[in-house]
Amino acid sequence: MTRRGELRIHLGAAPGVGKTFAMLGEARRRLERGTDVVIGLVETHGRAKTAELLEGIELVPRRTDSGPLEEMDLDAVLARRPEVVLVDELAHTNAPGSRNAKRWQDVEELLDAGIDVLTTVNVQHLESLNDVVERITGVRQRETVPDEVVRRAEQVELVDITPEALRRRMAHGNIYAAEKVDAALANYFQPGNLTALRELALLWVADEVDVALQRYRTDRQITDVWETRERVVVALTGDKESETVLRRAARIAKRSGAADLLAVHVLRGDGLAGAPAGAIPRLRALAEDVGASFHTVVGGSDIHDVPAALLDFARGANATQLVLGTSRRSRVARVFDEGIAARVVQESGAIDVHMVTHSAAGRGIRLPALRSALPVVRRVLGWGLGLVLPGVATLLGVLMRDVIGLSTDVVLFFLATVGTALVGGLGPALLAALVGGLLLNFFLTPPLYSFTINETENLVTVCALVVVGVLVALVVDRAARRAQQAARASAEGALLASFARTVLTRTDPLPRLLEKVREAFGLRSVALLERIGQPDGWECVSSSGPLGCATPEEADVDVEVEDDLHLIGTGRSLPAADRRLLEVVGGQALLALRSQRAAAEADESRRRAEATETRSALLSAVGHDLRSPLTSIKAAAGSLRDPTLRIPAADRLELTATIEESADRLTGLVDNLLDSSRLAAGAVVPLLAPIGYDEVAVRALDGLVDAERVELDIDESLPDVVADAGLLERVVANVVDNALRYGRGSPVVLRASAYADRVELRVVDAGPGVPRHTREALFAPFQRLGGARPSDRDGASGVGLGLSVARGFTEAMGGTLTAEDTPGGGLTVVVSLPEAHP
């Protein structure tokens, strides 16, 4: 059976990083070692240094039967059967008529034939990253290769270069031809784009390294945890050690690489152990300073609910590490209650737990606090005391029979019953009363050592023991319940304060409020549904988490905020107490929704005010620009018609030219106003057809004042663009007129270049330029250089509509109109339109 060939891929973040150069270098090293290496297909793209590496390596002739396109001759390579073949550009689409549609399919055939393949690919051609790359660069990659093809490669080598070095290489003409350099640097090869693509490539290769590592661990049966990516959760109590724990967790997250850090505070039913006043805002601010997100969750009233709530949050956040502060309990206290940290360690499972020491660790002197109404430890201790204390009272009565009398013995048994009731509650108190009564009757009440009760007084004593025990136990239980209710109310108050702070301090509070509700109540999703139109027509106003239902009836939790507004949740049902709290949250959500809609209405009012201001500016500007040419026309025409004036021929021509120039200004003004109104009404419907920038530019310059200052540098061989010829002519004329008007006499150059599937026209001037922060204002209506609005008191010409109309027309044709700096000073306006494909 023929072995399958090995695939080695040179992966890069962008064209020009050196993938083909690195592949040829590897080929030459193998050739020097005696390996049979041939070139199936290598694209040098005119790069001299790359072409030099081809020398001395056998080249299999390409196929030429596919028209003007040359493709790799797959059959010739298979017949040649080399040990290694070089196939450039793995994602390439083959010419029509080829056996395979994609080049990677050709490579698969070569590998199946037992031939090793060296190839190249850019990260933007990976199928899974295609949409991500489009959002980053704005360019859709038509040629892609399935990720699985790349993942099956035996070796994936990352060819990396910094964005700055790549841009220098581009500027020196080492990647693209000179006519494409400007467009490439201004678009795809921007520093931000290259940095993002580089990160994508690094992360993709890192993922593949993780897969390879996991495969290695599986083959070697390695079970120890080798964590490489982390998510760290730090639990904060709000006490003075919390800052130490948070900073330590931040260092742990930083050393783990790109680990996320989440700080969580569990609100629990214990007033003694609650956070001090003002601690939570301070911790929230510190969490933001160290790069952590701050969260609050509600734990139950029982001590066991706190670690459970903490671990539920950690597992929900997919945390790999949990950081806790060591207990402040003393060793004596830990004997009775090991504390939250110990329970978290026992139940953490796959989550690693860090215990951070601090100055207050182990210095507490208090015994375990009664954290809830009769916890398990107290109840167990109470049952024990119910047996032990009556026995102790009996022993004292027997040993001191000659010293104390029966009345003192009764007092001792009362103390035993009361003490048991204080610790264990009702059940242990009843046990202590019954056991004590029986022991008192058997050992200390005549007749001794008999359960017979001769005296009615003794029967009353036993009954009194039981009654006292019950009454004390009831008082203890009621006090515990009141403490529990007070602690829960305190926790609810803190949580509601957190919700209210979100509503009051955020500009768009509703999404964050719902997110905090989902976290606090442990729900899978929380949403605000509003009835729209029909009775069963519900619309999601805002949500947090995956929306699992479309109507309130389908939800696990449904709180009616108003008749047509419901707060719903999915994931689990809530107890009545939590639902009551959720009703209060519903009111806050309603407040947030009304605030959000009020802000939207305020924005609409602001927009209308701006429209009113624009209309005022329009009236002012039109009044000025109509008055000036009309005055000139009237004065010139009046002079020509006056029979008493003897006007020389030269002056007569000048007056005629003045009338013509003023009429042209009026025509341009009216055209811009009409075009602006058409754009505002959406009435511009372009008739798109292929046309070249060279012919449009010539027609646009005809009739412009000072057109002799314009230099055309447009290659006639450039592809046509898809545009409306008339609209594009207006765009170019307006942009060039703006450059001539405000370029302070500098030359204006028109250059064109092709990039990806677009062709760009650059109108370049060397004038004063425009600051970056005011550049977008150039394209706003009624704006002039410097951002000033025209008025009837200034002497400038034009209403500031030229560039606004130009951008509107360009966008109507599917293009963009942007401004950038001219190298050396000045402004460059770029018209970018789609390339017209045959």
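Residues numbered from 1 in each chain as written. Predicted model: local features only at pLDDT ≥ 70, side-chain atom pairs only at ≥ 80, totals over all residues. Heavy atoms only, no water.

Draft legend 1. Representation of the pattern of salt bridges within the structure. Considering all chains together, one arrives at 38 salt bridges under this definition. Measuring nitrogen to oxygen at the nearest pair gives 3.0 Å for the salt bridge that ties Glu-26 to Arg-29. Here Glu-26 pairs with Arg-29, and both are found in helix 1 (residues 19-32), just three residues apart, close to one helical turn. A salt bridge links Asp-260 to Arg-231; the nearest nitrogen and oxygen atoms lie 3.4 Å apart. Within this pair, whereas Asp-260 is found in strand 10 (residues 260-267), its partner Arg-231 is found in strand 9 (residues 231-235), the two being separated by 29 residues in sequence. Taken together, the shared-partner salt bridges connect Arg-8, Glu-26, Arg-29, Arg-30 and Glu-157 into one network. (Salt bridge = Lys/Arg side-chain N within 4 Å of Asp/Glu carboxyl O. Helix = DSSP H or I, 4+ residues; strand = E, 2+ residues; numbered from the N terminus.)

Draft legend 2. Molecular detail of the environment of Arg-28. With respect to the element layout, Arg-28 can be found in helix 1. The class for Arg-28 is partly exposed, based on a relative accessible area of 27%. In this structure the C-alpha to C-alpha distance between Arg-28 and Glu-55, which are 27 residues apart in sequence, comes to 9.6 Å. If we skip the residues at most four places from it in the chain, Arg-28 touches Leu-53, Leu-54, Glu-55 and Ile-57. (Buried < 20%, exposed > 50% of the residue type's maximum accessible area, 1.4 Å probe, protein only. Contact = heavy atoms within 4.5 Å.)

Draft legend 3. Looking closely at the sheet that holds strand 19 (residues 710-713). Strand order in the open sheet made by the five strands is 19-21-22-24-23, with mixed pairing throughout. Lying at the two open borders of the sheet, with one neighbouring strand each, are strand 19 and strand 23 (816-821). Averaged over neighbouring strand pairs, the angle between their axes works out to 20 degrees when direction is ignored. Across seven bridges, strand 22 (residues 758-765) lies against strand 24 (residues 827-834) in antiparallel orientation. Across the sheet, the residue bridging to Val-759 is Leu-833, located in strand 24. (Pairing = 2+ DSSP bridges. Axes fitted to C-alpha atoms, helices over the stretch in contact; angles between N-to-C directions.)

Draft legend 4. Quick peek at a nonpolar patch on the surface. A cluster of nonpolar side chains, Leu-387, Val-388, Val-392, Leu-395, Leu-396, Leu-399, Met-400 and Val-403, forms an exposed patch at the surface whose accessible area comes to about 750 Å². Relative to the helices and strands, Leu-387 is located in helix 15 (residues 376-399). Among the residues examined, Leu-387 registers a relative accessible area of 51% and is labelled exposed. (Patch = residues over 30% accessible without salt bridge, like charges linked within 9 Å, V, L, I, M, F, W, Y side chains within 5 Å. Areas by Shrake-Rupley, 256 points an atom, 1.4 Å probe, with all protein chains shown as cover.)

Draft legend 5. Just the nonpolar core, in detail. Formed by 52 residues in total, the largest nonpolar core has its most connected members in Val-85, Leu-90, Leu-110, Val-117, Val-145, Leu-166 and Phe-189. The leading source of residues in this core is helix 9 (residues 191-219), at six residues. If near-sequence neighbours (up to four positions away) are discounted, Val-85 is found in contact with Val-38, Ile-39, Gly-40, Val-77, Leu-110, Ile-115, Asp-116, Val-117 and Leu-118. Residues Ile-691, Val-736, Phe-809 and Leu-827 belong to the second largest nonpolar core, which totals 42 residues. (Core = buried A, V, L, I, M, F, W, Y, C linked by side-chain atoms within 4.5 Å.)

Draft legend 6. Looking closely at unusual backbone geometry. One non-glycine residue with positive phi stands out, namely Arg-81, at about 50 degrees. Mapped onto the fold, Arg-81 is located in the loop between helix 3 (74-80) and strand 6 (84-87). A relative accessible area of 47% means that Arg-81 is categorised as partly exposed. A positive phi is found at Glu-89, a non-glycine position, where the angle reads about 55 degrees. Looking at the element boundaries, Glu-89 is found in the loop between strand 6 and helix 4 (103-112). According to the relative accessible area criterion, Glu-89 is partly exposed, its value standing at 27%.

Nothing here speaks to function; it is all geometry.
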